[in-house]
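Descriptive analysis of the structure
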Amino acid sequence: MRAESFETVRRILCVFPRYTSAFGTFEHAYPLTDGVSGLMPPQGLLLIAAYLPANWPVRFVDENLSPATREDFEWADAVMVSGMHIQRNQMNDICRRAHAYDLPVALGGPSVSACPEHYPSFDYLHVGEMGDATDELLRRLSEDCSRPPRQVILTTRDRLPMSDFPIPAYELIEIRKYLLASIQYSSGCPYQCEFCDIPGLYGRNPRLKTPQQIIAELDKLRECGIPDTVYFVDDNFIGNRKATLDLLPHLIEWQKRTGYVTRLACEATLNIAKRPEILEKMREAMFITIFCGIETPDQDALKAIQKDHNMMVPILEGVRTLNSYGLEVVSGIIMGLDTDKPDTADALLDFVEESRIPLLTINLLQALPKTPLWDRLEKEGRLIHDDEGRDSNVEFLMPHDEVIGAWKRAMMIAYEPAKLFARYEHQCEYTHNQRIKVPVADELRTWPNIRRGLIILRNIFWKVGVLGDYRRVFWRFAFNRLRKGDIEGLIGSTLIAHHLIEFARAATSGRQNASHYSIRLREAAVPAE
């Protein structure tokens, strides 16, 4: 479905801002690849680009790949921007550059939907999901494309059903320059964890696309040159378990039709471990990675942050169950909770060793608007609004320096190269071997694909195996993988391990934020100028 066409034609420049370097951007892995320079395509803005009237020309620029140019701005009649809190500086910078060409700029997405007051310079603010506010914005631009005399805020009251969403405009991007492809099946989550803004932004009753839409999107991604892995960006892949069970047979049939050349990944709550009927079908559909917001191994802390569903099975048992279905677990971890104690870091490190989870995004607690945590801390007078030198906007119950020290120690030890590669060795030896065995598809035997693998191996062997200061650890891991013919495990594990090691070193030395949502608005790793 597209928006209705207007007689007036407008040229729309969609610009997605750079990410500030963070745990989950994986930028330290990019130099080891064959030209990757971004994490995932920006779903929301690509969706808007696809929804625009069919007679409106569109240009799409992701500044994680390359900056918008003078020629781009001179071509455009209006600019559209979207992004998250961590991209706030970069969004405001795009607005400034567009205004230098006297272009009207509209901002949408999760950050402005939660905090419109952070963006006083934009001409139009689109608050909420795609719907009647989107249509009103397009109508206004069709009638008058000059900058309005004062800021206009448009708030969605009637959301467009996800079953009417168009396929995101993947054809506008160089998809091979991304580490992962992305796709969205649902929006919203039935749980209400204290720190999470998803229910406040998108609701607790998940909205859904149809399985047919998902298959059509996957086919479109293949046409556009899909990377090896597609990540379902849903906040909770099992937010509607019946719908998930309806979708999975379609994914299995798609994998059979296309030769299992694509790996799938998703995010879900840990209670998925109680659903073998879902896990078995995910295994058949070649899901290989699952992000679970474990947050903390402390049960008292889980109760305090309203994450009781993480206790439906013992956490370590849940992780092992997921591993037994071939799912490598990625975990979100939060430090600085009200229940933290002096030995919290030690307990976390024990959990890391026992769970053998390689990748844990260890963040400091950050209070986000539209969350129960924000409301509670505001009442308690524990929100910090004006200190951008801090990595968290929370006044911790423990002394601030002790929390930061514990976080740094946890990061330093968890991502010590020998410990990290030992965890990856377990994943390769156990978890990866639980996946279904499929024949190598003909399209993976082509020279371009083989050449790509050889380039990545060359980069890994040189930049890690020769120049890296942890090369001895790397070669012990690499020789084991090579001896067993596990090139995929060698490449996949090393790419991510290298990023984690480099990022942890930067973070513990104070060169990176201690929270993905930090109010310390650092400059992005790659300037747009």
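Everything that follows concerns the structure shown earlier in this document.
To keep things clear, this report deals only with the structure shown in the data block.

Before going further, it helps to spend a moment on the sheet that holds strand 10 (residues 229–232). The six strands lie next to each other as 7-10-11-12-13-14, forming an open sheet whose pairing is parallel. Single-partner strands in this sheet number two, and they are strand 7 (181–183) and strand 14 (360–364). Going from strand to strand, the sheet's axes swing by 20° on average, the running direction of each strand aside. Across five bridges, the pairing between strand 12 (residues 287–295) and strand 13 (residues 328–335) is parallel. When the bridges of strand 13 are listed, F291 appears paired with V330. Together, strand 7 and strand 10 form the strand contacts of helix 7 (residues 211–223), whose direction differs from that of strand 7 by roughly 160°.

The tendency in soluble globular proteins is for nonpolar side chains to be buried as a group. In terms of nonpolar packing, the biggest core is built from 151 residues, with F232, L251, M282, F287 and Y415 touching the most fellow members. Per-element tally for this core: the top contributor is helix 18 (residues 487–508), with ten residues. Contacts of F232, omitting those with residues within four sequence positions, involve I183, Y185, I214, F237, L247, L251, L264, A265, C266, E267 and F287. Core analysis: the second largest hydrophobic core is formed by 20 residues, M91, L107, F122 and L125 among them.

The next point concerns the sheet that holds strand 3 (residues 78–82). The pairing of strands in a sheet happens through backbone hydrogen bonds and is either parallel or antiparallel. What the six strands build is an open sheet, ordered 2-1-3-4-5-6; its pairing is parallel. The strands lining the two open edges of the sheet, one partner per strand, are strand 2 (58–62) and strand 6 (152–155). Going from strand to strand, the sheet's axes swing by 20° on average, the running direction of each strand aside. Relative to strand 2, strand 1 (residues 12–16) runs parallel, the two sharing five bridges. Considered in strand 2, the bridge of V15 is made with V61. Contacts between helix 5 (residues 132–143) and the sheet are confined to strand 3, strand 4 (105–108), strand 5 (124–127) and strand 6, with strand 6 contributing the most and set at about 145° to the helix.

Should the charged atoms of two oppositely charged side chains come close, the side chains can pair. Within this structure, the stated rule accounts for 39 salt bridges. With a closest N to O distance of 2.9 Å, E74 and R70 form a salt bridge. Residue E74 and its partner R70 are both found in helix 2 (residues 70–75); the two are separated by four residues, about one turn of the helix. Under the relative-accessibility criterion, R70 is labelled exposed at 57%.

Here we come to the packing of aromatic side chains. Aromatic ring pairs are reported here in terms of the distance separating the ring centres and the angle at which the planes meet. Across all of its chains, the model carries 15 aromatic pairs by this definition. Between F232 and F287, the aromatic rings sit 5.7 Å apart at their centres with planes inclined by 35°, giving tilted as the arrangement. Placement of the pair is F232 in strand 10 and F287 in strand 12, with a sequence separation of 55 residues. Accessibility expressed as a relative area gives 0% for F232, which makes it buried.

Look at helix 18: 31 Å from first C-alpha to last across 22 residues, which is about the 32 Å you get at 1.5 Å a residue. Counted residue by residue, helix 18 has 17 buried out of 22 residues, so it is predominantly covered. Just beyond helix 18, the residue with positive phi is G510, at close to 90°.

Cut-offs used in this document
Residues numbered from 1 in each chain as written. Predicted model: local features only at pLDDT ≥ 70, side-chain atom pairs only at ≥ 80, totals over all residues. Heavy atoms only, no water. Pairing = 2+ DSSP bridges. Helix = DSSP H or I, 4+ residues; strand = E, 2+ residues; numbered from the N terminus. Axes fitted to C-alpha atoms, helices over the stretch in contact; angles between N-to-C directions. Contact = heavy atoms within 4.5 Å. Core = buried A, V, L, I, M, F, W, Y, C linked by side-chain atoms within 4.5 Å. Buried < 20%, exposed > 50% of the residue type's maximum accessible area, 1.4 Å probe, protein only. Salt bridge = Lys/Arg side-chain N within 4 Å of Asp/Glu carboxyl O. Phe/Tyr/Trp six-rings, centres within 6.5 Å; stacked < 30°, edge-to-face > 60°. Expected span 1.5 Å × (residues − 1).

It is worth stressing that arrangement in space is one thing and function is another; only the former is reported here.
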